[in-house]
Amino acid sequence: MALDEHIDRVLFTEAQIQTRIRELAATISADYAHTTPLLVSVLKGALYFMADLTRAMTIPIAMDFMAITTYGSAQASSGAVRLIKDLDEEISGRHVLLLEDIIDTGLTAAYLLRTLRARDPASLRICALLDKTARRIVDTLPISYRGFEVPDMFVVGYGLDYKQLYRNLPFIGVLKPEVVAS
Ligand code: 5GP
């Protein structure tokens with residue numbers, strides 16, 4: 001079965017994602033025009049978002065990556081996070097923008113913020129491609145930029161996986177129930 005035959009419904013098409021990312025890139029480029037921000041993302045979900053957003057930006061930027069593992073089931077976050085790859089760069093005194101693929105309960109982002117804030121950046125903000133506000137537990141996150149609000153559904157594509165698959169879909173959608181059950 002071809003990859004897109006696993007999809008029940010497309011929520012955001014490739015064109016919609018790319019248009020929204022260009023808008024975000026223009027806003028962020030204007031807001032950080034007098035600085036050289038460090039864009040930080042978490043592997044692997046924000047991979048394409050980082051690649052597309054940064055290429056649409058018009059100011060000099062640096063980028064760095066972290067990798068984490070979360071404990072708990074594949075579809076839910078327990079908030080228990082372990083850093084398995086740290087940043088290469090020092091962030092003290094830098095303007096840091098954390099790129100997130102999706103913010104669900106907010107527990108992962110809250111953990112990352114605590115970790116980064118402790119290193120004394122000049123500023124620290126969040127840019128989230130997808131925001132699932134219906135399930136938010138932590139409501140104090142500095143989400144300065146957001147791509148789309150998503151309903152309370154498990155979504156895949158454009159970096160987001162289900163059991164490590166579907167990341168390479170160029171759109172964001174919902175899996176067929178029989179795929180999730182199998
Ligand atoms: P939070 O800690 O905010 O509850 O969860 C954030 C992480 O859970 C995301 O970075 C992502 O890895 C995963 N996640 C939450 N919702 C979804 C979803 O709808 N689809 C996928 N593929 N991952 C999700």
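Structural notes, computed from the coordinates. All of these numbers come straight from a predicted model, not from anything done at the bench.

1. Topic: the environment of Gly106
Inference 1: Along the chain, Gly106 turns up in the loop between strand E5 (95–103) and helix H3 (107–117).
Inference 2: Given a relative accessible area of 4%, Gly106 falls into the buried group.
Inference 3: For the pair Gly106 and Thr35, spaced 71 residues apart in the sequence, the C-alpha separation amounts to 28 Å.

2. Things to note about a nonpolar patch on the surface
Inference 1: On the surface, a nonpolar cluster with roughly 230 Å² of combined accessible area is contributed by Leu43, Leu47 and Tyr48.
Inference 2: Assignment of secondary structure puts Leu47 in helix H2 (residues 47–56).
Inference 3: On the basis of relative accessible area, Leu47 is assigned to the partly exposed category, the value being 42%.

3. Some thoughts on the sheet that holds strand E3 (residues 62–70)
The strands that make up a sheet are held in pairs by hydrogen bonds between backbone atoms, and each pair lies either parallel or antiparallel.
Inference 1: Read from one edge to the other, the open sheet built from 6 strands follows the order E4-E3-E2-E5-E6-E7, with strand pairing classed as mixed. Bordering the open sheet on either side are strand E4 (81–85) and strand E7 (143–149), each of which pairs with just one other strand. Across the sheet, the mean angle from the axis of one strand to that of its neighbour is 25°, orientation sign disregarded.
Inference 2: Where E3 lies against E4, 4 bridges are found, and the strand directions are antiparallel. Note that in E4 the partner of Ile68 across the bridge is Leu83.

4. Thoughts on the nonpolar core
Inference 1: By size, the foremost hydrophobic cluster in this structure holds 28 residues, and its most contacted members are Ile28, Phe49, Leu53, Cys127 and Leu130.
Inference 2: Of all the secondary structure elements, the ones that give two or more residues to this core are strand E1 (7–12), helix H1 (14–31), H2, E5, strand E6 (123–131), E7 and strand E9 (172–175).
Inference 3: The greatest single-element share of this core, amounting to 5 residues, is contributed by H1.
Inference 4: Ignoring sequence-local partners within four residues, the contact set of Cys127 consists of Leu24, Ile28, Phe49, Leu53, Leu97, Leu98, Leu99, Glu100 and Tyr145.
Inference 5: Met66, Leu87, Ile91 and Ala128 belong to the second largest nonpolar core, which has 24 residues in total.

Quick notes on the rules
- Residues numbered from 1 in each chain as written.
- Predicted model: local features only at pLDDT ≥ 70, side-chain atom pairs only at ≥ 80, totals over all residues.
- Heavy atoms only, no water.
- Helix = DSSP H or I, 4+ residues; strand = E, 2+ residues; numbered from the N terminus.
- Buried < 20%, exposed > 50% of the residue type's maximum accessible area, 1.4 Å probe, protein only.
- Patch = residues over 30% accessible without salt bridge, like charges linked within 9 Å, V, L, I, M, F, W, Y side chains within 5 Å.
- Areas by Shrake-Rupley, 256 points an atom, 1.4 Å probe, with all protein chains shown as cover.
- Salt bridge = Lys/Arg side-chain N within 4 Å of Asp/Glu carboxyl O.
- Pairing = 2+ DSSP bridges.
- Axes fitted to C-alpha atoms, helices over the stretch in contact; angles between N-to-C directions.
- Core = buried A, V, L, I, M, F, W, Y, C linked by side-chain atoms within 4.5 Å.
- Contact = heavy atoms within 4.5 Å.

Limitation: the analysis is restricted to geometry and does not speak to function.
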